[in-house]
Amino acid sequence: MAGSMIGELLATAFFTKLADQVHSYIGKQLTYERDVKNKLKKLEENLRSIHAVIHSVERHCIENTRLETWLWELKDAALATEDVLDRFEYQLLESIVKNKVQVNFSSTCSTSFMQSTSSFFKRVIMDDEDVNELNKVVKRFDEIIRTVSSFQNLVLDASSHNQHRVPGDDAQSDVPEWRDTTSIQGETEILGREQEINKLVSLLTETGDVLKPNKERFSVVSIVGIGGVGKTTLAQCVYNDTRIDYHFDLKLWIWVSEIFDVKRITKHMLESICRHNRHQFTNLDMAQATLKEMLQEKRVLIILDDVWNEVRSVWENLRKPFYYGKEGSIILVTTRNPKVANMMGTRGNNIIYLNGLNEAEYSKFFERCAFGEANPNGHPKLKFIGEKIAKKLVGSPLAAKTVGGVLKSKLNEEHWRNIMESKLWQVEQKKDDIFPALKLSYEHLPTSGLKQCFAYFSLFPKNYHFDKERLIRMWMAQGFLESNEPRKRMEDIGQDYFDELLHRSFFQDTSLIKQSKRYVVHDLLHQLAESLSAHEYYRLEDDEREEIPDRVRHIYISSSNLVKVYENMHKLKNLRSLVVSGALLDNFSRSNLINFVEVALKQSKCLRAIVLDELILDVLPERFGHLKHLRYLEVPGSQLLDLPKSICRLYLLQGLSLQLQTPLHLSRELPRGMNKLINMRYLNINPEKISTISKIGKLRSLQGLKEFHVRKKHGYELGQLRDLRQLRGQLSIMNLDMVRNAAECREARLDNKDHLSALLLYWGHVERRDNTPHKHEEVLEALQPHPNLTELRITGYMGIRSPHWLKNTWLANLEHIELEDCQGWEDLPPLGQLPFLRILHLKSLKSVKNFGPGFYGTQETAFPSLEDLLFSNMSEWIGWSGVKAGNQLFPRLSQLQINCCHKLAGSLIMPSSLEKLHVVLSDDATWESHKNPQVILSDDVSEDPCERKEISSVLKLSIDRISLLTECLAAESLCSLYRLDIVYCSSLVSFTDEQEKWFQKLTSLKELRFTDCDNLTNLPSGLRNLASLETLYIQNVQQLTRCPIIASQTT
């Protein structure tokens, strides 16, 4: 398999990266001992020479044993070079940690830590082992360079005999003829696609009858699915279906392929229309003008089969003549890539995602392929074996043809059992069989790095549920991520890679994605990944019998096979990934596990990623500290997990995840010196434990820090945040009452944390009786965040005034604000002028008495985007004031909740429209957790999920002072009230005359509910006048003695 995975890891981009990295070590102001710099120069020269030659492998898939041997040697040398350069990086980072270096830091993005810094120091001392390894790779490349001419001859010789050429040049001849398709069906009976055929026929005939909103005269319908699933066959069935013949004046079938040549496709359309008159056009303009005339006022169906093009401008150029056809014309596209369908303008309902055949129909189809003219019932054993084989093919018609063709050649049990025990990619394949078809999708991945990321799937079992973030971190650890944008984060590049694979249908369409954000690779594509990486990626699962390959670099082991691996440790010397999954079994004790880990770490010095999944460890061996290449470490552990001190020497470590098996906090202290891990980007440890890391500001590459605890101790000052410019997501700063002064806050430079989305500021209670509010006002003023912030929470603030950065529109991007337990804060800032504020929660602001003009802001519309408004425990709040005539408040409010605001009186300021408004008024401080919180807090207030419906507005009341019903909410403002719930009102006995009148004004009320009103004896007598009332619901109202007569339509 010389032209597959070997070629991808020997892509020119890989050698360019290695050569550039070597050059960076030469170019820095470094002085090396023992002629190291000259050796680096020689290595760079050799890498550049190889770079110029290896391009020929990228262009050809070559089957040649001698060439494959040569390529393996070259690849081994290249990866050994990468290991040597890792050692250089490690030595330089160690020099920084030990203060032997003066460093000028810039932002660390996709490049290595050292490539993103400028270093100034006299001498780098490399140890003997590092120098010896450098000498080895230089000698290896010297030998390889001497054989380059032989390599080129092998490539030329193999190319001349090679039948398959990888698409990519601008010539249609590069695409094999066997892939060409026509409109003629090859099979008279198509099994298992009746539903899809009927849906497509309906789409083609019904969609075409309606002029689209964008006034286009044609619609695009797409069939999307992986290679071999039957897209072309389905399109052929529909093309030849007599039900569409009357609907279209003209039908055209065009096979497109990877070469989206507009002139060629246009000429083929003309040939299809004028079969006896072959036009010889020399330019596109003449061809399109002629096609335009041919399509004039004709309703046309054009099939574009096997489309790969993602460039919008090319498609826009091709479709110009289509606008002159008759309304209702259809372009039917088949493609493997949903991005292609979307780019061509396919609307959601017009995309058919084609999956494999269902089990019953597939069984019939497979039997037809495997037995041919023979009767399956005459071969009961073969039929039984065939059923097992068919289940492995996940409904793929082309896979059934591939395997069935091999089975059909020998109808004997031994042959069939051999096929059953083989992997699909090990079955003999012709150029038009399933794996060559699937491999096209792989070959069209745009970068070699993306191809390596795809191959990494084979490390994990089929149907494995991938966590996106973890997978990206493992890709990062292996160095697969590459980009032309040097300032782009590795995580963002990984996100792009993942999305590219997702959009190209490499993952199954599964509900897991929505429910748990887990992703599953399509089974056939997983097998393709296995076929491309068989020598280097290996899984030892429960039923595995094969030997571990000598060249293995990435291994997945089920815990039941640890003994077997233990016996083959000598094969793991080049290991780069180690994943162990499953809990320990009886035959492998915990002490044996520690021994296994010890020996594995000693043998596998090149490990870059270690994941010990489900293996509970109490201690990690000290030998972890010897893994100089390690970038990602994930281990589960007990509450007593003890990290070794040596872990602080893993200077290349980018990610550390401790997945505790109990909800309790890690009780052991983190080792001193964690701040030496200056390459660290991701720490998944209990936030309180992370807060114990002294001088955490040295971890300048850190991407996330959930909590920072200020302490009156050196190494824990707020200024530690100054250089953590890469922080993303949410940051909580605790114990702000311990800050010495505003100068310390300014040193944190929160205003340069442009990637933070949420900032939580907490004052503790140690100095709650502080009589210096001015100090705290200065502190909050100095904590000015970056304007990109979208969420702000302030708790326990001890000042009186608002900071200036909240009084203006500096934080115009804020969407969520929570102010809580700020007991001295009197005048709130003009939050109403924030244009995107959606959520505002105000809790325990016990000095706020009134909300006036200063709260709304100066705009005509205050709180233009606010949807969720909560007031809780506002003990001194009296009411609203200062709303000017003509001003609009809360135009988009959908939930208003007022809890424990005992002094509130008068009318509430309500939006002019109460569409879908959900109001909760409560004197119960425990309301949110009382009995059925989902009924209270959900936007859909139906208790029964089957009862769900769109509602206009809902008012829910839990209140002992029923007077708020009339004093705060004028009935005239509730003209659209759909449902009224009065719940947990223990003091409510009956209704006053004023309240009776209030009820009679609820003219739109359809549902009225009384629940858990223990002392209520009488319902409002005016209910009989509520003509719209349809439902009266009474539950747990034990003292009720009289119910008024209500309209007959009420239930």
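Because the structure is a prediction, the values reported are computed rather than measured. (Residues numbered from 1 in each chain as written. Predicted model: local features only at pLDDT ≥ 70, side-chain atom pairs only at ≥ 80, totals over all residues. Heavy atoms only, no water.)

Student: What's the story with the overall build of the chain in this structure? I'm lost.
Tutor: When helices and strands are tallied, the chain shows 32 helices and 34 strands. When burial is assessed residue by residue, the chain has 55% of its 1051 residues classed as buried. Taking as baseline every contact in the chain between residues at least 6 positions apart, the subset at least 24 positions apart corresponds to 69%. (Helix = DSSP H or I, 4+ residues; strand = E, 2+ residues; numbered from the N terminus. Buried < 20%, exposed > 50% of the residue type's maximum accessible area, 1.4 Å probe, protein only. Contact = heavy atoms within 4.5 Å.)

Student: Whenever I open this one, the sheet that holds strand 3 (residues 218-224) confuses me. Can you help?
Tutor: Two orientations exist for strands paired in a sheet by backbone hydrogen bonds: parallel and antiparallel. Ordered by their spatial adjacency, five strands build an open sheet running 4-5-6-3-7, and the pairing between neighbours is parallel. For this open sheet the edge positions go to strand 4 (250-257) and strand 7 (351-353), each flanked by a neighbour on one side alone. Taking the axes of each pair of neighbouring strands and ignoring which way they run, one obtains an average angle of 15° across the sheet. Bridge count between strand 4 and strand 5 (residues 300-307): seven bridges; the pairing is parallel. Following the sheet pairing, K251 is matched in strand 5 by L301. Packing against the sheet, helix 7 (residues 194-206) makes contact with strand 3, strand 5, strand 6 (329-335) and strand 7, and its axis sits at approximately 165° to strand 3. With respect to the sheet, helix 8 (residues 231-239) is in contact with strand 3, strand 4, strand 5 and strand 6, its orientation differing from that of strand 4 by roughly 170°. (Pairing = 2+ DSSP bridges. Axes fitted to C-alpha atoms, helices over the stretch in contact; angles between N-to-C directions.)

Student: Is there a simple way to explain the pattern of salt bridges in this structure?
Tutor: Between side chains of opposite charge, pairing is possible as soon as their charged atoms come close. Evaluated as defined, the whole model comprises 55 salt bridges. We note a salt bridge from R489 to D492, for which the minimum N-O separation is 3.0 Å. Taking the relative accessible area as the measure of exposure, D492 reaches 29% and is therefore partly exposed. A cluster of three or more residues bridged by salt bridges with shared partners is formed by K17, E82, D83, D86, R576, R608 and R631. (Salt bridge = Lys/Arg side-chain N within 4 Å of Asp/Glu carboxyl O.)

Student: I would appreciate a short explanation of a positive patch on the surface in the present structure.
Tutor: A cluster of like positive charges, contributed by K645, R672, R711 and K713, occupies part of the molecular surface. Assignment of secondary structure puts K645 in the loop between strand 15 (632-642) and strand 16 (655-660). A residue is classified by how much of its surface remains accessible, and K645, at 67% relative accessible area, is exposed. (Patch = residues over 30% accessible without salt bridge, like charges linked within 9 Å, V, L, I, M, F, W, Y side chains within 5 Å. Areas by Shrake-Rupley, 256 points an atom, 1.4 Å probe, with all protein chains shown as cover. Lys, Arg positive; Asp, Glu negative; His and termini not counted. Charge placed at Lys NZ, Arg CZ, Asp CG, Glu CD.)

Student: Just to check I follow, could you spell out the pairing of strand 12 (residues 577-581) for this structure?
Tutor: In the case of a regular strand, side chains alternate between the two sheet surfaces. Judged by how many residues are buried, strand 12 sits mostly within the fold: five of five residues are covered. Residues S577, V579 and S581 line one face of strand 12 and the alternating positions L578 and V580 line the opposite face, and both faces are buried. Two strands pair when backbone bridges link them, and strand 11 (residues 554-558) and strand 12 are joined in this way by five bridges, in the parallel orientation. Looking at the pairing, Y556 lines up with V579 of strand 12. Two elements, strand 12 and strand 13 (residues 609-613), share five bridges in a ladder whose sense is parallel. Residue pairing for strand 13: S577 is matched across the bridge by A609.

Student: Explanation requested: the environment of I733 in the structure shown.
Tutor: On the secondary structure map, I733 appears in strand 19 (residues 729-734). Overall, the relative accessible area of 0% leaves I733 in the buried class. In the structure, I733 is positioned 29 residues away from Y762 in sequence and 6.1 Å away in space, judged by C-alpha atoms. Excluding its chain neighbours within four sequence positions, the residues that come into contact with I733 are F708, V710, L718, L721, L750, L759, L760, L761 and Y762.

Student: Could you clarify how one ought to interpret the nonpolar core in this entry?
Tutor: Soluble, globular proteins show a tendency: their nonpolar side chains are buried together. If you look at the biggest cluster of nonpolar residues, it comprises 112 residues, and the most contacted ones within it are L718, I794, F851 and F871. If one sorts the elements of this core by residue count, helix 24 (residues 590-603) sits on top with five residues. Setting aside residues up to four positions removed in sequence, F851 forms contacts with L828, L842, Y856, F871, M874, W877, G879, W880 and S881. Core analysis: the second largest hydrophobic core is formed by 91 residues, I190, I244, F371 and V427 among them. (Core = buried A, V, L, I, M, F, W, Y, C linked by side-chain atoms within 4.5 Å.)

Student: Would you take a moment to explain helix 19 (residues 468-478) for this structure?
Tutor: Each turn of an α-helix holds 3.6 residues, which means side chains three or four residues apart point in the same direction. The element helix 19 is extensively covered by neighbouring structure, given that ten of its eleven residues are classed as buried. All buried positions along helix 19 are accounted for by K468, R470, L471, I472, R473, M474, W475, M476, A477 and Q478. The residue sitting at the N-terminus of helix 19 and contributing the capping side-chain oxygen is D467; that oxygen lies 3.3 Å from the backbone nitrogen of E469. Remark: G479 follows helix 19 within two positions and exhibits a positive phi of approximately 75°. (Polar contact = N/O pair within 3.5 Å; in protein donor to acceptor, adjacent residues only side chain to side chain.)

Student: Sorry, what's going on with the environment of Y456 here?
Tutor: Mapping Y456 onto the fold places it in the loop between helix 18 (448-455) and strand 8 (466-467). With near-sequence residues (within four places) excluded, Y456 lies in contact with L471, M474, W475, Q478, F480, Y537, H554, S577 and A609. Among the polar contacts made by the side chain of Y456, one reaches the side chain of S577 at a distance of 2.7 Å.

Student: Just checking my understanding: could you explain helix 8 for this structure?
Tutor: Buried residues dominate helix 8, accounting for seven of its nine residues. Of the positions making up helix 8, those classed as buried are K231, L234, A235, Q236, C237, V238 and Y239.

Student: Mind showing me how you'd approach the pairing of strand 20 (residues 756-762) here?
Tutor: Burial within strand 20 is extensive, with five of its seven residues counted as buried. Between strand 19 and its parallel partner strand 20, the chain crosses via helix 26 (residues 742-747), and the hand of that crossover is right-handed. Bridge count between strand 20 and strand 21 (residues 791-795): five bridges; the pairing is parallel. Across the sheet, L761 pairs through a bridge with I794, a residue of strand 21. (Right-handed = clockwise from strand over helix to strand, strands pointing away.)

Student: Is there a simple way to think about the environment of L1040 in this case?
Tutor: Note on placement: L1040 falls in the segment after strand 34 (1031-1035). C-alpha of L1040 to C-alpha of C1013: the two residues are 27 residues apart in sequence and 9.2 Å apart in space. Not counting residues up to four positions away in its chain, the partners in contact with L1040 are L1016, T1017, N1018, L1019 and I1034.

Student: I tried to follow the side chain of E634 on my own but got confused; where do I start?
Tutor: Relative to the helices and strands, E634 resides in strand 15. Side-chain polar atoms of E634 contact the side chain of R470, separated by 2.6 Å. Aside from chain neighbours lying at most four places away, what touches E634 is R470, I610, V611, L612, S657 and Q659.

Student: Got a minute to help me understand the packing of aromatic side chains in this structure?
Tutor: Remark: the centre distance and the inter-plane angle together describe each pair of aromatic rings, the angle taken between the planes. Following the criterion strictly, the structure yields 40 aromatic pairs and no others. With 5.1 Å between their ring centres and 65° between their planes, F454 and F506 make a pair best called edge-to-face. In this pair, F454 sits in helix 18 while F506 sits in the loop between helix 20 (490-503) and helix 21 (512-516), placing the two residues 52 residues apart along the sequence. The residues F454 and F506 share a single accessibility class, namely buried. Judged by centre distance (6.1 Å) and plane angle (75°), the ring pair of W880 and F890 falls under edge-to-face. Of the two residues, W880 sits in strand 27 (residues 879-880) while F890 sits in the loop between strand 28 (888-889) and strand 29 (895-899), which places them ten residues apart along the sequence. The exposure class of F890 is buried, given its relative accessible area of 1%. (Phe/Tyr/Trp six-rings, centres within 6.5 Å; stacked < 30°, edge-to-face > 60°.)

Student: How should unusual backbone geometry be read in this particular structure?
Tutor: In most cases, non-glycine residues show a negative phi, while peptide bonds are predominantly trans. The phi torsion at V394 lies on the positive side, around 45°, for a residue other than glycine. Note that V394 resides in the loop between helix 14 (380-391) and helix 15 (397-408). Located in the positive-phi region is N1036, a residue other than glycine, with phi close to 55°. Assessed through its relative accessible area of 37%, N1036 is described here as partly exposed.

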